[in-house]
Each structure stands twice: as structure tokens, then as C-alpha cells.
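An overview of the molecular structure
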Amino acid sequence: INAEYGEYNPVGETEMVDMTWENDELEVIFKIGTKPEIELKDLSKIKVNKMVHDVTDEEVSEEIERTLEREGNWEDVDGKATKDSKLIVDVISLDKDGNPVDGEEDVDQVIDLRQDGAKDFLKSLKGKSAGDVVDMELGEGDEKDRFRVTIKKVQKLNKAEMSEEFISKNSNGEAKTEDEFKSYIKSQMQKYYDQTSEDLFKNEVVEALVDAHKVDVPEVFLEQVLN
């Protein structure tokens, strides 16, 4: 079978539309997509924005603080819950009369009162201690959820220390001192922002070029993409 495209520049996969056998010769007809001709616009008139961000010392400090917290550990305490506490609780749903609903209990649930999503829990559970039971309502009108929270543990976070071991572990051995660690974190963050900026810029360029040029997509190619 000889495939002669001549002046055509095929794109995508070919689609067989007919096949005949006559006089000991096989004839197959294919549908092919060809690259459309595009008249290139004046690129000097196409504008594309690129994000530029220089990492600040404040951002570095915030990232180091998050790392110290992440590498820390939680300890059970006898005191009252604060905005920085984590709670281990049992939760059971209540009906409209305030009675527990059988089969709708979740045990050993974790509530981190530091999280934005825990604001309602913070209002009701701040100042409570292990063993306290609190009935709560979330939502409004007919959409209210009623449940009972039994606090089993109140925990506080012990952040990791800025030790040589911590610095080495979190810098892949590239830093030894606190200043070197800060420089390492800053360089890693800058690499991330630079790469993200470059990726976004490439996408913006592609979108700008597509918007500036009308392209007739070959039917056979479009069918392959959609299917």
C-alpha cells in the first residue's frame, strides 16, 4: 500500500473510510487531517503579562515557622482548650428535641482549633476541658445540624527546635547554620515562584496566540480529540 500525501501535511491519525479489492489490487481510501494554513499576526501587538515575585524575609520566616510546627508533636494536657489547641472528640448527631440519634456517632474525631474551618467550634469549645460535653448547632433555619461533642483530649503543640539535626533534615544536608537554612529556604521558595511564573506565562502565551489567530481544526482530528 502506497501512501502519497503530496502537498498535504497530515496531522493526527488517519481514518479509513473505504476499502475495495478488484483485479488483485487492494484500494483503501483514508481520510486525513491536514495542518491548516495560518497567517501569522503582528506579534509585537500581542501583550502577555508575566508574574514576577521576589520572596521576602517575612515569607521565609513564615515558611520556617510552618516547618517547625509540622516537625513538632502534640502533647495531651490537663488544661483548657485555647485557640491553639487540638481536640480529640466524639460527636453524635441530635434530633430536633436534642436526643441522640442511634447509629450517627463518630468517635475520635480531630478538631484543630487553629484552622479557619474550625471557627464555629472555637466559639463553643474554647475554654473547655477533657470530659466536658457540649451541645452545638451549626447552620441556619431548617438547615441546622445539631450534635453533641464529648471532649476526650485537649492537646497542645510542641514545635520542633531549630537544631542542627532539624536544619540538616529539612535542607537535604545543604545547610548547617540557621542563616544558611534561611538562605536555603529562600532559594527553594524563589525557584518555586520562578517555575510557576514560567509555566503560567507559557500558558498565557498559548492562549494569546490562539485568540489572535483563527484556526480551522481538521474535522478528523477534532473527532479524535472529542472521542
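This text gives an overview of the structure that appears in the document. (Residues numbered from 1 in each chain as written. Predicted model: local features only at pLDDT ≥ 70, side-chain atom pairs only at ≥ 80, totals over all residues. Heavy atoms only, no water.)

Digging into the packing of helix α1 (residues 57-70) against helix α4 (residues 178-212)
- It is the contact of α1 with α4, at a shortest axis distance of 10 Å, that shows an interaxial angle of 105 degrees. As the angle between them shows, α1 and α4 are arranged roughly perpendicular. Each of Asp57, Glu59, Val60, Glu63 and Ile64 in α1 lies in contact with α4, whose residues at this interface are Phe181, Lys182, Ile185, Lys186, Met189 and Tyr193.
- Taken together, the residues that form the contact of α1 with α4 break down as six nonpolar, no polar and five charged. (Axes fitted to C-alpha atoms, helices over the stretch in contact; angles between N-to-C directions. Helix = DSSP H or I, 4+ residues; strand = E, 2+ residues; numbered from the N terminus. Parallel < 35°, antiparallel > 145°, perpendicular 65-115°, else oblique. Contact = heavy atoms within 4.5 Å. Nonpolar A, V, L, I, M, F, W, Y, C, P; charged D, E, K, R; others polar.)

Brief notes about α1
- Over its 14 residues, α1 extends 20 Å from the first C-alpha to the last, a length consistent with the 20 Å expected when each residue adds 1.5 Å.
- Inspection of α1 places Glu59, Val60, Ile64, Thr67 and Leu68 among the buried residues, and these make up the whole buried set.
- Close packing links the buried residues of α1 with α3 (164-169) and α4. (Expected span 1.5 Å × (residues − 1). Buried < 20%, exposed > 50% of the residue type's maximum accessible area, 1.4 Å probe, protein only.)

Observations regarding a nonpolar patch on the surface
- On the surface, Met16, Met19, Trp21, Leu26 and Phe30 cluster together to form a nonpolar patch covering roughly 570 Å² of accessible area.
- Of all the elements, strand β1 (residues 10-22) adds the most residues to the nonpolar patch, at three residues. (Patch = residues over 30% accessible without salt bridge, like charges linked within 9 Å, V, L, I, M, F, W, Y side chains within 5 Å. Areas by Shrake-Rupley, 256 points an atom, 1.4 Å probe, with all protein chains shown as cover. Salt bridge = Lys/Arg side-chain N within 4 Å of Asp/Glu carboxyl O.)

Remarks on the nonpolar core
- Core analysis: the biggest nonpolar cluster contains 15 residues, and Leu87, Val89, Ile111, Phe121, Leu125, Met136 and Val149 have the highest contact counts within it.
- By size, the runner-up hydrophobic cluster in this structure holds eleven residues, among which are Val55, Val60, Leu68 and Met189. (Core = buried A, V, L, I, M, F, W, Y, C linked by side-chain atoms within 4.5 Å.)

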